[in-house]
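Report on the structure
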Amino acid sequence: MAMAASTAEGEPMMDINTTPLIDVMLVLLIMFIITIPIQTHAVKLDLPVDDPNNKEPPPIDPVKNKVTIDPAGTVFWNGSPLPNLTVLRQYLDQTQTMNPVPELHLQPDPQARYVVVDEVLAVTKRAQVEKMGFVGNEAYGSW
C-alpha cells in the first residue's frame, strides 16, 4: 500500500489541500458578480423650466399648419410668433410623426428678407417635410 511521502515515518502531513477552498471561493465570486445590480448610465439634461408668464405653445393642427414670415423677419406658427428656429424644428418634427402627416403652408411676406425665408426653408428640409406648399405666390407678381 502506498502512503503519502513525508519527511519522517509516522509524522502527519503538513500540506493543506487548497482545491476545495479555491472551489468555494470561485462559487462565492460568481454569486457576488451575479447579485451586483447592473448600473445604468444616466445622461444629465438641462430641461427648460416652465415660465408662468409664457403662453401655451400653439397647437399643431392635424390637417394643415401655416408658417408665415413678416417683413421684420419674425416667424409665426399658426399665427403665434416663434422665439427661434429651433422651436420651429421641434414643431415640424412633431408633425412628421403624426399619421397622416399634416400639410405645411409657407407664406412669406413679399417684403420679408430672403435670408430669413432661406433659413426657414433649410429647417423644413432638415426636418424632411414632404407635404409643403407656398401660399400667396400671386403677391410676387408675374415674371
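First, a word on scope: everything that follows refers to the structure included in this document.

Conventions adopted
- Residues numbered from 1 in each chain as written.
- Predicted model: local features only at pLDDT ≥ 70, side-chain atom pairs only at ≥ 80, totals over all residues.
- Heavy atoms only, no water.
- Axes fitted to C-alpha atoms, helices over the stretch in contact; angles between N-to-C directions.
- Helix = DSSP H or I, 4+ residues; strand = E, 2+ residues; numbered from the N terminus.
- Left-handed = near helix turned anticlockwise from the far one by under 90°.
- Contact = heavy atoms within 4.5 Å.
- Nonpolar A, V, L, I, M, F, W, Y, C, P; charged D, E, K, R; others polar.
- Buried < 20%, exposed > 50% of the residue type's maximum accessible area, 1.4 Å probe, protein only.
- Pairing = 2+ DSSP bridges.
- Salt bridge = Lys/Arg side-chain N within 4 Å of Asp/Glu carboxyl O.

Bringing the packing of helix H2 (residues 85-96) against helix H3 (residues 114-126) into the picture now. At a closest axis distance of 9 Å, the pairing of H2 and H3 adopts a crossing angle of 35 degrees. Of the two elements, H2 crosses H3, and the hand of that crossing is right-handed. Contacts between H2 and H3 involve Leu 85, Leu 88, Arg 89 and Leu 92 on the former and, on the latter, Glu 119, Val 120, Val 123, Thr 124 and Arg 126. Looking at side-chain class alone, the contact of H2 with H3 contains five nonpolar, one polar and three charged residues.

Moving on: unusual backbone geometry. Phi is mostly negative for residues that are not glycine, and the peptide bonds are mostly trans. Of note, the bond from Asn 99 into Pro 100 is cis; its omega dihedral lies within 30 degrees of zero at -5 degrees. Locating Pro 100 in the fold gives a position in the loop between H2 and strand E4 (103-108). A positive phi angle, close to 50 degrees, is found at Asn 78, a residue other than glycine. Locating Asn 78 in the fold gives a position in the loop between strand E2 (75-77) and strand E3 (80-81). The partly exposed category is assigned to Asn 78, whose relative accessible area is 31%. Here Gln 128, not a glycine, exhibits a phi torsion of approximately 60 degrees, which is positive.

The sheet built from five strands is open, its strands ordered E3-E2-E1-E4-E5 with mixed pairing. The sheet is open, and its two edges are formed by E3 and strand E5 (132-134), each paired on a single side. Pairing analysis gives three bridges linking E4 to E5, with the strands arranged parallel. The partner of Leu 106 across the bridge, within E5, is Phe 134. This element, H2, spans strand E1 (64-69), E2 and E4 of the sheet and lies at about 30 degrees to E2.

Turning to the pattern of salt bridges, a few remarks are in order. With the rule as written, the count across this model stands at one salt bridge. A salt bridge links Arg 89 to Asp 93, with the shortest nitrogen-to-oxygen separation between them at 3.0 Å. With Arg 89 and Asp 93 both in helix H2, this residue pair falls four residues apart, about one helical turn. Here Asp 93 falls in the partly exposed class, since its relative accessible area comes to 31%.

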